[in-house]
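# Inside the fold
If you want the building blocks of each chain, they are given just below.
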Amino acid sequence: MAVIALTIRTSASLCTMNLTRVFCTTIPARAPSFWGISKLQASATLTWVFDKLRGKKRRSTPPYDFVLPVGNPILRGQALPVDPKNIKTKETQEIVDQLIKVMRKKEAVGLSAPQLGVGLQIIAMECTKRQVEIVPQEVRKAREMQDFPLKIFINPKLKVTNYTTVVFPEGCESLPGYQANVPRYYGVSVTGLDREGLPVAWQVTGWPARILQHEVEHLRGNLYIDIMDSRTFMDCAWDRKK
């Protein structure tokens, strides 16, 4: 899940090397920095360029080391439950590790296995103190944002605990650079298994509840654009483009 996305372009000098590309990275909110992007984002962009120059290729088999974009049919499929006896296998642990790696690389607060090309019911979530503090205080208060440690849920079962609907902007790593207002339930609880195959449960409200609903919907083949207020759908960098 993305909060606000930012778009930059490579310089014209790269066109001759067939490296022209739009880079979309995710940040919790706009913050003052060089070129309007963070050092981590600038580093990720330069890493992609140099990887291209060295001929480094993306991983060709799932779990991918990149996020699948909207349009890939796996994002619209129903993810299958993981057999509990297979949770501690090398294959399942690799999926979990890749989810964590890509989520942190993107500075996202949540990611699902289908987004990495794996149609299984696995999600990862994490919101660091830095990701919260970079957001303006009034936004944090309105959205009830709070940091939380890494959470892994396998075969998650979601239950609504508070049916009050709240509407706030939401984005997605599978649709980088865009956001829209999305209604979500105020409170939910989740049960499932962790990466060790042990039962876990979590009850949350506000911001974490929104992230949790977003990620579980990925397992059902649903995207935020299915329930968004289409009149609020926007390019997050529209005011920086000429």
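Before any of the text, the structure's been laid out above.
Report follows, based on the coordinates. Nothing here was measured: the structure is a model prediction, and the numbers come from that model.

On to the pairing of strand S7 (residues 199–205), then. Across seven bridges, strand S6 (residues 178–193) lies against S7 in antiparallel orientation. Within S7, the position partnered with glycine 187 by the bridge is threonine 205. Between S6 and S7, which pair antiparallel and follow one another directly, the connecting turn spans five residues, one of which, glycine 197, has a positive phi of 85°.

With that out of the way, let us pick up helix H5 (residues 207–219). For H5, with 13 residues, the first-to-last C-alpha span of 19 Å sits near the 18 Å given by 1.5 Å per residue. Of all 13 residues in H5, 13 are buried; the element is thus mostly enclosed. Immediately downstream of H5, the backbone of glycine 221 shows phi near 80°, a positive value.

Okay, the nonpolar core next. Counting 21 residues, the largest nonpolar core has Ile123, Met125, Trp202, Ile211 and Leu212 as its most contacted members. With six residues, the top contributor of residues to this core is H5. Setting aside its immediate chain neighbours within four residues, isoleucine 211 contacts Met1, Val109, Gly110, Met125 and Phe148. Membership of the second largest hydrophobic core comes to 19 residues, among which are Ile87, Ala108, Leu111 and Leu116.

All chains considered together, the criterion is met by eleven salt bridges. With a closest N to O distance of 2.6 Å, arginine 184 and glutamate 170 form a salt bridge. A residue pair is termed long-range when its members are at least 10 positions apart, and arginine 184 in strand S6 and glutamate 170 in strand S5 (residues 148–170) qualify at 14 residues. Residue arginine 184 shares its accessibility class with glutamate 170, and that shared class is buried. Salt bridges sharing partners connect three or more residues here, namely Glu170, Arg184 and Arg210.

The next subject is the packing of aromatic side chains. Taken as a whole, this structure holds five aromatic pairs when the rule is applied. Pairing phenylalanine 153 with tryptophan 202 gives two aromatic rings, centres 6.1 Å apart and planes at 20°, and the pair type is stacked. Of this pair, phenylalanine 153 sits in strand S5 while tryptophan 202 is found in strand S7, placing the two residues 49 residues apart along the sequence. What makes phenylalanine 153 buried here is its relative accessible area of 2%.

In a regular helix each residue adds 1.5 Å, so 16 residues correspond to 22 Å; helix H2 (residues 90–105) covers 22 Å between its end C-alpha atoms and thus fits that length. Listed in full, the buried residues belonging to H2 are Thr92, Gln93, Ile95, Val96, Gln98, Leu99, Ile100, Val102 and Met103. Elements in contact with the buried residues of H2: strand S3 (110–112), strand S4 (122–127) and S5. Count one or two residues on from H2 and you reach glutamate 107, which has phi positive near 55°.

Okay, the side chain of serine 112 next. Tracing the sequence through the fold places serine 112 in strand S3. Beyond its immediate sequence surroundings of up to four residues, serine 112 is in contact with Leu99, Ile122, Ile123, Glu215, His218 and Leu219.

In this section: the pairing of S6. In summary, the side chains of a regular strand alternate between the two faces of the sheet. Note that S5 and S6 share twelve bridges and pair antiparallel. The residue bridging proline 169 from the neighbouring strand is asparagine 181, located in S6. The pairing of S6 with strand S8 (residues 234–235) spans two bridges and is classified as antiparallel. Pairing of tyrosine 178 across the sheet is with aspartate 235, part of S8.

A few words on the environment of leucine 75. By the secondary structure assignment, leucine 75 is in the loop between helix H1 (39–53) and H2. On the accessibility criterion, leucine 75 (1% relative accessible area) is buried. Note: C-alpha distance between leucine 75 and leucine 219 (144 residues apart in sequence) is 8.2 Å. What leucine 75 contacts, discounting residues up to four positions off in sequence, is Leu68, Pro69, Val70, Pro114, Gln115, Ser174, His218, Gly221 and Asn222.

Conventions used here
Residues numbered from 1 in each chain as written. Predicted model: local features only at pLDDT ≥ 70, side-chain atom pairs only at ≥ 80, totals over all residues. Heavy atoms only, no water. Pairing = 2+ DSSP bridges. Helix = DSSP H or I, 4+ residues; strand = E, 2+ residues; numbered from the N terminus. Expected span 1.5 Å × (residues − 1). Buried < 20%, exposed > 50% of the residue type's maximum accessible area, 1.4 Å probe, protein only. Core = buried A, V, L, I, M, F, W, Y, C linked by side-chain atoms within 4.5 Å. Contact = heavy atoms within 4.5 Å. Salt bridge = Lys/Arg side-chain N within 4 Å of Asp/Glu carboxyl O. Phe/Tyr/Trp six-rings, centres within 6.5 Å; stacked < 30°, edge-to-face > 60°.

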